[in-house]
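If you want the building blocks of each chain, they are given just below.
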Amino acid sequence: MKKLLLCIALVVSGITTAQKGTILVGGNVGFESEKIGDSKAESFDFSPRFGYQFSENWTVGVDASVANIKKDNAENSNNQKIGAFVRYTRPLNETFAVFADIGSGYQQKSLNDAKGMYAYITPALFINMNKGFGLNFSIGGLSYDNIDGKNDLREERIKFNFGKTLNIGISKNFSL
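In this text, all values refer to a predicted model and were calculated from it rather than measured experimentally.

**Student:** Hey, could you go over the overall build of the protein for me, with residue numbers and the actual values?
**Tutor:** What the protein contains, in helices and strands, is zero helices and eleven strands. Traced from its N-terminal end to its C-terminal end, the protein shows the element sequence β-β-β-β-β-β-β-β-β-β-β. Expressed as a percentage of the 176 residues in the protein, the buried residues total 34%. Taking all contacts inside the protein whose residues are at least 6 apart in sequence as the whole, residues at least 24 apart take part in 52%. Summed over its atoms, the accessible surface of the protein is roughly 10800 Å², and 61% of this surface lies on carbon and sulfur atoms.

Have a look at this one:
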């Protein structure tokens, strides 16, 4: 196999059936490894998320990300992101609900002290297993990011990846 792509994601998002006034604690953990010929690249990502559900359908919060990228014959890169998000949730019945996260923030890469911003929208499905503990399923979304390095060209990306990715996660809200 010329290319190996392994992505492990633990998405801990908000609970769609939670009551008003609950606290969301969650995040993502991811690992990716790619080998092409003799060249190998690995990345590890940790993205915590905290929020407050102020009504039955709305949650606001902050999310962050710390990533380490290692490539053969290249300097390691450490990337950080910090931003805010808002979530709208629509229950379908006692077991299922759909939600969408919209977020934006600041990002920085250690190589060449590059800085920029990002924005995203991600729709998802929630399955309530027991008292606000459940599974989340997402198959992609829409995102934009840009970054400027001191001696590098400006990078700008727009991604529309519905059906290209799969995230499966666990979620739980905590009452105050």
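What follows picks up the thread again.
**Student:** So what's going on with the packing of aromatic side chains? Residues and values would help.
**Tutor:** Across all of its chains, the model carries three aromatic pairs by this definition. Ring centres 6.3 Å apart and planes at 5 degrees place the aromatic pair tyrosine 118 and tyrosine 120 in the stacked group. Pair check on accessibility: tyrosine 118 and tyrosine 120 agree, each one buried. Between the aromatic rings of phenylalanine 160 and phenylalanine 162, the centroid separation amounts to 5.0 Å while the plane-to-plane angle is 65 degrees, which identifies the pairing as edge-to-face. Looking at phenylalanine 162, the relative accessible area reads 39%, which means it is partly exposed.

**Student:** Which residues make up the pattern of salt bridges, and what values go with them?
**Tutor:** Opposite charge on two side chains permits pairing when their charged atoms draw close. Scanning the entire structure with this criterion turns up nine salt bridges. Salt-bridge contacts for arginine 87 lead to aspartate 101; the nearest nitrogen and oxygen are separated by 2.5 Å. One end of the pair, arginine 87, is in strand S4 (residues 77-91); the other, aspartate 101, is in strand S5 (residues 96-109), with 14 residues separating them in the sequence. Residue class for aspartate 101 comes out buried when judged on its relative accessible area of 5%.

**Student:** Can you explain the pairing of strand S8 (residues 142-148)? Please cite residues and give values.
**Tutor:** In terms of strand pairing, strand S6 (residues 114-130) meets S8 through seven bridges, oriented antiparallel. For alanine 119, the partnering residue across the bridge sits in S8 and is tyrosine 144. Two strands pair when backbone bridges link them, and S8 and strand S9 (residues 155-160) are joined in this way by six bridges, in the antiparallel orientation. Note on S9: the bridge partner recorded for asparagine 146 is glutamate 156. Linking two consecutive strands that pair antiparallel, namely S8 and S9, is a turn of six residues.

**Student:** Can you explain a nonpolar patch on the surface? Please cite residues and give values.
**Tutor:** Among the surface-exposed residues, Ile102, Ile121, Ile139, Leu142, Ile158, Phe160, Phe162, Leu166 and Ile168 lie close enough to one another that they form a single nonpolar patch of about 900 Å² accessible area. Positionally, phenylalanine 160 belongs in strand S9. The class of phenylalanine 160 is exposed, set by a relative accessible area of 63%.

**Student:** I'd like to hear about the environment of asparagine 161, residue by residue, with values.
**Tutor:** Mapped onto the elements, asparagine 161 comes out in the loop between S9 and strand S10 (167-171). With relative accessibility at 21%, the residue asparagine 161 sits in the partly exposed group. Once the C-alpha coordinates of asparagine 161 and leucine 142 are considered, the two residues, 19 residues apart in sequence, prove to be 6.6 Å apart. The residues contacting asparagine 161, other than those within four sequence positions of it, are Ile139, Gly140 and Gly141. Among the polar contacts listed, one links the side chain of asparagine 161 to the backbone nitrogen of glycine 141, at a separation of 2.8 Å.

Reading the values: rules and limits
Residues numbered from 1 in each chain as written. Predicted model: local features only at pLDDT ≥ 70, side-chain atom pairs only at ≥ 80, totals over all residues. Heavy atoms only, no water. Helix = DSSP H or I, 4+ residues; strand = E, 2+ residues; numbered from the N terminus. Buried < 20%, exposed > 50% of the residue type's maximum accessible area, 1.4 Å probe, protein only. Contact = heavy atoms within 4.5 Å. Areas by Shrake-Rupley, 256 points an atom, 1.4 Å probe, with all protein chains shown as cover. Phe/Tyr/Trp six-rings, centres within 6.5 Å; stacked < 30°, edge-to-face > 60°. Salt bridge = Lys/Arg side-chain N within 4 Å of Asp/Glu carboxyl O. Pairing = 2+ DSSP bridges. Patch = residues over 30% accessible without salt bridge, like charges linked within 9 Å, V, L, I, M, F, W, Y side chains within 5 Å. Polar contact = N/O pair within 3.5 Å; in protein donor to acceptor, adjacent residues only side chain to side chain.

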